Amino acid sequence: MIWLYRILLPLLGILALPYYAYRMIRRGGYTNKFTYRVGGWPTLPIKKKGTTRLWIQAVSVGELSSIAKILDSLLSDPAIEIVLSGTTSTGLKMAAQKYGSRLLAHGPFPLDWLPFSRKVWKKVNPDLVILVDSELWPEHFHQAKKRNVPIIIINARLSDRTFARLSSPFLQWAHPLIFPPNLSVIASSERQYSRWISLNFPALRVQISGNLKIDAVDLSLISPQTRTNIRKELGFSEENLVVAGISTWPGEEKLLIDLVQALRLEKISIKLLIIPRHAERRNEIKKILEISGMPHHVRTNAKQAPDDSIAYLADTTGEVMTLLQAADFAFMGKSLDPHHGGQNPIEPVALRLPLVMGPNHQNFRETCSDLLGHQALLSGESSTETYSLLLKLACQPDLRLSMQSNCEEWMQKQGTPSEFTLSYLKKVICSLPHA
């Protein structure tokens, strides 16, 4: 079966090349260490006796953030070496800045094709492979199987689309490639556990930790003084009501601008904080703000905004938890048509921020369903209903207070997924012949 995959992959890659080339050019950063993606990793030092070498793959910033506590603990153990790979340019940049000096090596994950994957495997030579979230790479798994190296997927999640594909009889042939006997899974929820089991994955090799992204939130960043300071920096007074658009996608900023303009006509002193998902959309969003006639300020021009600006465009990365402390309620992006999937609601909920989403949050279905059940989240069935819910939150301070309390209660119930995962990993490490 692996040879069928090896033949099909380059053919499909050629067909998809224009799309992915466009994305890479548009996003930028993919030329950095590009040779790593085609197997050009450096030759690593020979493993020391009594040392365990881990290869951890975390696609992007979200996955890397979710394992921060686990990484810090593992890196503090002198008997463990870590090679960290990623996929997106932003995730790789974060890995280099935060962990670079403590890692044995770090760089882009190789393309999952025999010549590239085998070359990197020979250089890394890990004792244990760990992947975060929803990583299923047949060649990567095959190389591990050949070498009798255990694979663990932590915070494991099968999206609706992936689950539907794997459940299809047309993909039954691929199951041995992506469910090898050396694979174990730590699922992010009961629902995800059920999905793995329904695909005939052995129940003995599936654990449940809870969602690691709960532990990714750095609660030390949250304080009343930070809120005071950031509101002043963004040009928001204590009298202003502030709505934030988090990880917004095209079209969603216009809804928020319309909301703020309508409320200001009603003499409500409201201001807008826009944090787009992709900072490189700054010029596009600036044009929308200019057309609307709304006075605005752009963070990359200067952090300090004038008091007379109404909208603040935060076109930077890595500051979400600080910036959001300026807000009184928020909208979560990529949740309105035609966008699909939604973005992670956990950070704003951890800040006790009343949150509204559109109808599309398929990538975080379990979390959003739970939050809706705890009345810690509002979700509209359309753009119109989403707008109405935001309007309702703006006009009802009692509802905002109630949702703040519900957010705090939900966070307290989530436990410590990182501790469970770390304990499991350490047991596996101790059982390895190299340990």
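Before reading on, note that the structure itself is shown above.
All values derive from a computational prediction rather than experimental measurement. (Residues numbered from 1 in each chain as written. Predicted model: local features only at pLDDT ≥ 70, side-chain atom pairs only at ≥ 80, totals over all residues. Heavy atoms only, no water.)

Chemist: What should I look at first to understand unusual backbone geometry in this one?
Modeler: Glycine aside, residues mostly have negative phi angles, and peptide bonds mostly take the trans form. Residue Pro338 is bonded to the preceding Asp337 through a cis peptide linkage, with omega at 10°. The topology assignment puts Pro338 in the loop between strand E12 (329-332) and helix H15 (346-350). Of note in this structure, Lys267 is not a glycine but carries a positive phi near 65°. Lys267 sits in the exposed class, given a relative accessible area of 76%. (Helix = DSSP H or I, 4+ residues; strand = E, 2+ residues; numbered from the N terminus. Buried < 20%, exposed > 50% of the residue type's maximum accessible area, 1.4 Å probe, protein only.)

Chemist: Even after reading the chapter, I still don't get the pairing of strand E8 (residues 241-248), so can you show me in this structure?
Modeler: Along any regular strand the residues' side chains alternate between the sheet's two faces. The buried fraction of E8 amounts to eight of the eight residues, a majority that puts the element mostly inside the structure. Relative to strand E9 (residues 270-276), E8 is paired through seven bridges, and the arrangement is parallel. Pairing of Ile246 across the sheet is with Ile275, part of E9. In this view, the connection linking E8 to its parallel neighbour E9 by way of helix H12 (residues 252-265) has right-handed handedness. Where E8 lies against E12, four bridges are found, and the strand directions are parallel. Counted as the bridge partner of Gly245 is Phe331 from E12. (Pairing = 2+ DSSP bridges. Right-handed = clockwise from strand over helix to strand, strands pointing away.)

Chemist: Help me out: how do you make sense of the sheet that holds strand E3 (residues 105-108) in this one?
Modeler: Strand pairing within a sheet occurs via backbone hydrogen bonds; the two strands may be parallel or antiparallel. What the seven strands build is an open sheet, ordered E3-E2-E1-E4-E5-E6-E7; its pairing is parallel. Strands at the two margins of the open sheet, each flanked by one partner only, are E3 and strand E7 (206-208). Averaged over all adjacent pairs, the angle separating strand axes in this sheet is 20°, with direction ignored. Pairing between strand E1 (residues 52-57) and strand E4 (residues 128-132): four bridges, direction parallel. Bridge pairing links Ile56 to Ile130 in E4. Across the sheet, helix H6 (residues 114-124) is in contact with E1, strand E2 (80-86) and E4; its angle to E1 comes to roughly 145°. (Axes fitted to C-alpha atoms, helices over the stretch in contact; angles between N-to-C directions. Contact = heavy atoms within 4.5 Å.)

Chemist: Help me understand a nonpolar patch on the surface, please; the structure alone is not making it clear to me.
Modeler: Side chains of Met1, Leu4, Ile7, Leu8, Leu11, Leu12 and Leu15 sit close together on the surface and give an oily, nonpolar patch of about 720 Å² of accessible area. Tracing the backbone shows Leu8 in helix H1 (residues 2-27). (Patch = residues over 30% accessible without salt bridge, like charges linked within 9 Å, V, L, I, M, F, W, Y side chains within 5 Å. Areas by Shrake-Rupley, 256 points an atom, 1.4 Å probe, with all protein chains shown as cover. Salt bridge = Lys/Arg side-chain N within 4 Å of Asp/Glu carboxyl O.)

Chemist: Looking at this structure, how should I read the state of the cysteines?
Modeler: All told, the structure shown has zero disulfides when counted by the stated rule. The thiol sulfur of Cys368 is not disulfide-bonded, and the nearest other cysteine sulfur, from Cys407, lies at 12 Å. Among the cysteines around Cys395, which has no disulfide bond, Cys407 carries the closest sulfur, lying 19 Å off. (Disulfide = S-S within 2.5 Å.)

Chemist: Can you walk me through the sheet that holds strand E14 (residues 378-379) in this structure?
Modeler: Taken in spatial order, the seven strands make up an open sheet running E10-E11-E9-E8-E12-E13-E14, and their pairing is parallel. Looking at strand neighbours, the two that pair on one side only are strand E10 (296-298) and E14, the edges of this open sheet. Across three bridges, the pairing between E10 and strand E11 (residues 311-313) is parallel. Within E11, the position partnered with Val298 by the bridge is Leu313.

Chemist: I'm lost on the pattern of salt bridges in this one. Help?
Modeler: Any two side chains of opposite charge can pair, so long as their charged atoms come close to each other. Under the counting rule described, the total for this entry stands at 19 salt bridges. With a closest N to O distance of 3.0 Å, Asp258 and Lys254 form a salt bridge. With Asp258 and Lys254 both in helix H12, this residue pair falls four residues apart, about one helical turn. A relative accessible area of 30% means that Asp258 is categorised as partly exposed. In this structure Lys254 comes out as partly exposed when scored by relative accessible area, which is 42%. Here Arg352 makes a salt bridge to Glu408, at a shortest N to O gap of 3.2 Å. Taken together, the residues Arg352 in the loop between H15 and strand E13 (355-357) and Glu408 in helix H18 (residues 397-412) connect sequence positions 56 residues apart. Overlapping salt bridges, with partners in common, bring together Arg227, Arg231, Glu238 and Asp328 in one network.

Chemist: Is there a simple way to think about the packing of helix H17 (residues 383-395) against H18 in this case?
Modeler: To describe two helices that pack against each other, one gives the angle between their axes and the distance between the axes. Here H17 crosses H18 at 100°, and the two axes come no closer than 5 Å. One way to sum up the angle between H17 and H18 is to call them roughly perpendicular. Of H18, the residues touching H17 (which contributes Lys392, Leu393, Ala394 and Cys395) are Pro397, Leu399, Arg400 and Met403. Residues that form the contact of H17 with H18 fall into these classes: six nonpolar, no polar and two charged. (Parallel < 35°, antiparallel > 145°, perpendicular 65-115°, else oblique. Nonpolar A, V, L, I, M, F, W, Y, C, P; charged D, E, K, R; others polar.)

Chemist: Before we go on, may I ask you to explain the nonpolar core in this structure?
Modeler: A general trend in soluble globular proteins is that nonpolar side chains are found buried together. Among the nonpolar cores identified, the biggest contains 35 residues, and Leu234 and Leu273 are the most heavily contacted of them. Contributions of two or more residues to this core are made by E8, E9, helix H14 (320-323), E12, H15, E13, helix H16 (365-373) and H18. If we skip the residues at most four places from it in the chain, Leu273 touches Leu234, Phe236, Val242, Val243, Ala244, Gly245, Tyr312, Ala314 and Leu323. Membership of the second largest hydrophobic core comes to 31 residues, among which are Trp55, Phe109, Leu131 and Ala144. (Core = buried A, V, L, I, M, F, W, Y, C linked by side-chain atoms within 4.5 Å.)

Chemist: I tried to follow helix H10 (residues 190-198) on my own but got confused; where do I start?
Modeler: Two residues of an α-helix separated by three or four positions point the same way, owing to the 3.6 residues in each turn. The complete set of buried residues in H10 reads Gln192, Arg195 and Trp196. The buried residues of H10 occupy an angular sector of 95° when the element is viewed end-on, so they sit on one face. Looking at the buried side of H10, the elements it contacts are strand E5 (151-156), helix H8 (160-167), strand E6 (183-187), E7 and H16. Asn200 lies just past H10 and shows a positive phi near 65°. (Arc of directions from axis to C-beta.)

Chemist: Honestly, the pairing of E2 in this entry has me stumped. Any pointers?
Modeler: Of all the seven residues making up E2, seven are buried; the element is thus mostly covered by neighbouring parts of the structure. In terms of strand pairing, E1 meets E2 through six bridges, oriented parallel. Within the sheet, the bridge partner assigned to Trp55 lies in E2 and is Val83. Of the pairings in the sheet, the one linking E2 to E3 comprises four bridges and is parallel in character. Note on E3: the bridge partner recorded for Ser85 is Gly107. Taken together, E2, helix H5 (residues 89-99) and E3 constitute a β-α-β crossover, and its handedness is right-handed.

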